[in-house]
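# Geometric and topological summary
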Amino acid sequence: QVQLVESGGALVQPGGSLRLSCAASGSIFNIYVMGWYRQAPGKQRELVTTITSGGSTNYRDSVKGRFTISRDNANNTVYLQMNSLKPEDTAVYYCHAVLVPYGSSLPRNYWGQGTQVTVSS
């Protein structure tokens, strides 16, 4: 089985910073893309940022210049450094990976359980 486990969510004041981590574990052959989504109350889940195994990144416009995604391929871990946080960044943040587990010939989508980020004074 493959698991994605997030950590790092917290309550932070506007303008503050947080670093989220997500570790993928289990029978993993290859991970293509890792990323972060978020879902605020009453809203749909939205893509925040992604990073490929080669290091190519993609960000939604509202977080560009404030959030940075990075990846440790050797440890199947992805990080999200969030700076200059705003109240509108408040959401449950979900880790996502597109990967090929051992025994499979096709990539599959996996999700973490989510970690709460609250930006409030």
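No experiment lies behind these values; they were computed from the predicted model shown. (Residues numbered from 1 in each chain as written. Predicted model: local features only at pLDDT ≥ 70, side-chain atom pairs only at ≥ 80, totals over all residues. Heavy atoms only, no water.)

Here N58 is to be found in strand 6 (residues 57-59). N58 sits in the partly exposed class, given a relative accessible area of 39%. Taking the C-alpha atoms as reference points, N58 and G15, 43 residues apart in sequence, are found 23 Å from one another. (Helix = DSSP H or I, 4+ residues; strand = E, 2+ residues; numbered from the N terminus. Buried < 20%, exposed > 50% of the residue type's maximum accessible area, 1.4 Å probe, protein only.)

A few words on the pairing of strand 9 (residues 91-101). The element strand 9 is extensively covered by neighbouring structure, given that nine of its 11 residues are classed as buried. Alignment of strand 4 (residues 28-39) against strand 9, held across 10 bridges, turns out to be antiparallel. Along strand 9, the bridge assignment pairs Y37 with Y94. Judged from the three bridges that link them, strand 9 and strand 11 (residues 115-119) form a sheet pairing that is antiparallel. Across the sheet, Y93 pairs through a bridge with T115, a residue of strand 11. In the sheet, strand 9 pairs with strand 10 (residues 108-111) via four bridges, with the strands oriented antiparallel. Considered in strand 10, the bridge of V98 is made with N109. The antiparallel hairpin formed by strand 9 and strand 10 contains six residues in its connecting segment, where G103 sits at a positive phi of about 95 degrees. (Pairing = 2+ DSSP bridges.)

Let us now look at the pattern of salt bridges. Within the structure shown, the criterion is met by five salt bridges. Between R38 and E46 there is a salt bridge, and its shortest N-O distance comes to 2.7 Å. With a relative accessible area of 25%, E46 lands in the partly exposed category. One salt bridge in this structure joins K64 and D61, with 3.0 Å as the shortest N-O distance. (Salt bridge = Lys/Arg side-chain N within 4 Å of Asp/Glu carboxyl O.)

Before going further, it helps to examine the nonpolar core. With 29 residues, the main nonpolar core has M34, W36, F67, V78, L80, M82 and Y93 as its most contacted residues. At the level of elements, strand 1 (2-7), strand 3 (18-26), strand 4, strand 5 (46-52), strand 7 (67-72), strand 8 (77-82), strand 9 and strand 11 are the ones that each hand at least two residues to this core. When residues of this core are assigned to their parent elements, the largest contribution, five residues, is made by strand 9. Contact partners of M82, with chain neighbours within four places excluded, come to G16, S17, L18, L20, R66, F67, Y93 and V117. (Core = buried A, V, L, I, M, F, W, Y, C linked by side-chain atoms within 4.5 Å. Contact = heavy atoms within 4.5 Å.)

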